[in-house]
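For reference, the chains in residue letters:
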Amino acid sequence: MTQRNYRAAIVGTGAIAHAHAQAVLGSGRAEVVAVADVDAGRVSAFAEKYGVPSAHASLDDLLRKEEVDLVHLCTPPKLHTPLAVACLEAGVTALVEKPPTLSLAEFDTLIEAERRSTAHVATVLQHRFGAGALRLRRLQEAGELGRPLLATCDTQWFRDEEYYAVPWRGTWESEGGGPTMGHGIHQFDLLFSVLGPWSEVTAVAARQARPVDTEDVSMALVTFESGAVASIVNSVVSPRQTSKLRFDYERATVELEHLYGYTDDDWTVTPAPGQEAVAELWARGHGTASSGHSGWLAAVLDALDRGEAPPVTTEDARRTMEFIAALFASAFTGERVRAGQITADSPFAARMDGTGAPWEKVRNP
């Protein structure tokens, strides 16, 4: 595999863009050659901080004037689809922050645009790429853990009213959902990357405390094609913040607890009686890669070096986005929803709130 040097651009220079810039600069395999943002002062300051030679007011201007291989899209979610499509039409690979789109229908628009392009689109779901997650999937695939039986996945975070004072937060039109879309997605995407395709979901969603149009809490019971079952909690009303995953296999329990990103030391393994060898296998694979953007970007560049689509592919991300749509469909209709049930004509394909949330709007009356 021959490594090359990639010319990257960043569009949107808010908080998450700094993680992208640092990952690119630290990779030794790419450089940020251009940035774009509608806020002239912010984009200028960002370019100066990271030594970026060129700043632009829009993606269109950037693509017209620059030669780039990759565009990191770090804008508010409602802009992801049109910007990613513009990149694909220009033959430039788009790396899209979560959530990648506002709806399942929008995601299918991305898939079609990718099919027409020589470039790719990938979603930034970096928790798949920490050393612990890589080792867990490797041991599971080798059969060392036995069958997966039960899992729990909790994203219990706290966001106050000041957080939601940002105009684009807390609305279906700009974010596509609350913690299910923008916060818990990292944890349950990691869950899915381990346990594989889900088959059905039963869920509830509620607006408990925050001045938003979306949910601020959701809970789901999920069955997987493998037969494993899991519970998933997504919250922004939990004062003691934590992100937790637990996998109960026939031969061991594997657990992860952290907050916004994990290292290998955040994982623990408890063997079942008589299965102490599992702990030894786990300890042998200790790694240094965290769940941050650097590990994800390394995987992206490795794939591009091989001439392959970068992770997380549209196929991978669509399963996660379909789950979100199914969660809301179950919560707002009171029905169990199966994988594949939300077809193009479903209201929950067009919008995550589908037939409408069962509470009054407060942000967009």
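Going by the structure above, here's the rest.
These notes cover the structure that comes with them. Every value quoted in this text rests on a predicted model; they were computed, and no experiment measured them.

With respect to the overall build of the protein
- Secondary structure assignment for the protein yields 13 helices and 14 strands.
- A compact globule built from 365 residues should have a C-alpha radius of gyration of about 21 Å, and the protein, at 20 Å, falls within 12% of that.
- In terms of overall dimensions, the protein has C-alpha extents of about 60 × 55 × 40 Å along its principal axes.
- Counting every position in the protein, which comprises 365 residues, the buried fraction comes to 55%.
- Considering only contacts within the protein whose residues lie at least 6 apart along the sequence, 69% involve residues at least 24 apart.
- Accessible surface for the protein amounts to roughly 15,300 Å². Of this, 50% is attributable to carbon and sulfur atoms.
- Averaging the locations of the 33 positively and 48 negatively charged side chains of the protein gives two centres separated by 1 Å.

As for the sheet that holds strand β9 (residues 217-224)
- Spatial strand order, β13-β12-β11-β7-β10-β9-β8-β14: eight strands in an open sheet with mixed pairing. For this open sheet the edge positions go to β13 (267-271) and β14 (337-338), each flanked by a neighbour on one side alone.
- When strand β11 (residues 237-249) meets strand β12 (residues 252-258), the two strands line up antiparallel, connected through six bridges. Considered in β12, the bridge of Ser 243 is made with His 258.
- Relative to the sheet, helix α10 (residues 277-284) contacts β12 and β13, its axis offset from that of β13 by approximately 155°.

Quick look at helix α9 (residues 185-195)
- Buried residues dominate α9, accounting for eleven of its eleven residues.
- Among the residues making up α9, those that are buried are Ile 185, His 186, Gln 187, Phe 188, Asp 189, Leu 190, Leu 191, Phe 192, Ser 193, Val 194 and Leu 195.
- Positive phi shows up at Gly 196, right after α9, with a value of about 85°.

Some points on the sheet that holds strand β4 (residues 70-73)
- Within the open sheet, the six strands sit side by side as β3-β2-β1-β4-β5-β6. Their pairing is parallel. Strand pairing shows two members of the sheet lacking a second neighbour, β3 (55-56) and β6 (121-124), which therefore form its edges.
- By the bridge criterion, four bridges tie β4 to strand β5 (residues 93-97) in an arrangement that is parallel. By the bridge assignment for β5, Val 71 is matched with Ala 94.
- Here helix α11 (residues 293-305) sits on the sheet and contacts β1 (6-11), β2 (30-36), β4, β5 and β6; the angle it forms with β4, its principal contact strand, is near 150°.

What about the packing of aromatic side chains?
- With the rule as written, the count across this model stands at 15 aromatic pairs.
- Relative to Phe 328, the ring of Trp 172 lies with its centre 5.2 Å away and its plane at 80°, an arrangement referred to as edge-to-face. Here the residue Trp 172 occupies a position in helix α7 (residues 172-175), and Phe 328 occupies one in helix α12 (residues 314-333), the gap between them amounting to 156 residues. Each member of the pair, Trp 172 as well as Phe 328, carries the same accessibility label: buried.
- Among the aromatic residues, those joined into a ring-pair cluster are Phe 188, Phe 192, Trp 198, Phe 224 and Phe 323.
- Between Arg 169 and the ring centre of Trp 168, over which it is positioned, the NZ or CZ distance is 5.2 Å.

What counts, and where the lines are drawn
- Residues numbered from 1 in each chain as written.
- Predicted model: local features only at pLDDT ≥ 70, side-chain atom pairs only at ≥ 80, totals over all residues.
- Heavy atoms only, no water.
- Helix = DSSP H or I, 4+ residues; strand = E, 2+ residues; numbered from the N terminus.
- Rg over C-alpha atoms; globule rule 2.2 N^0.38 Å.
- Buried < 20%, exposed > 50% of the residue type's maximum accessible area, 1.4 Å probe, protein only.
- Contact = heavy atoms within 4.5 Å.
- Areas by Shrake-Rupley, 256 points an atom, 1.4 Å probe, with all protein chains shown as cover.
- Lys, Arg positive; Asp, Glu negative; His and termini not counted.
- Charge placed at Lys NZ, Arg CZ, Asp CG, Glu CD.
- Pairing = 2+ DSSP bridges.
- Axes fitted to C-alpha atoms, helices over the stretch in contact; angles between N-to-C directions.
- Phe/Tyr/Trp six-rings, centres within 6.5 Å; stacked < 30°, edge-to-face > 60°.
- Lys NZ or Arg CZ within 6 Å of the ring centre and 35° of its normal.

The quantities given are spatial measurements derived from coordinates; they are silent on function.
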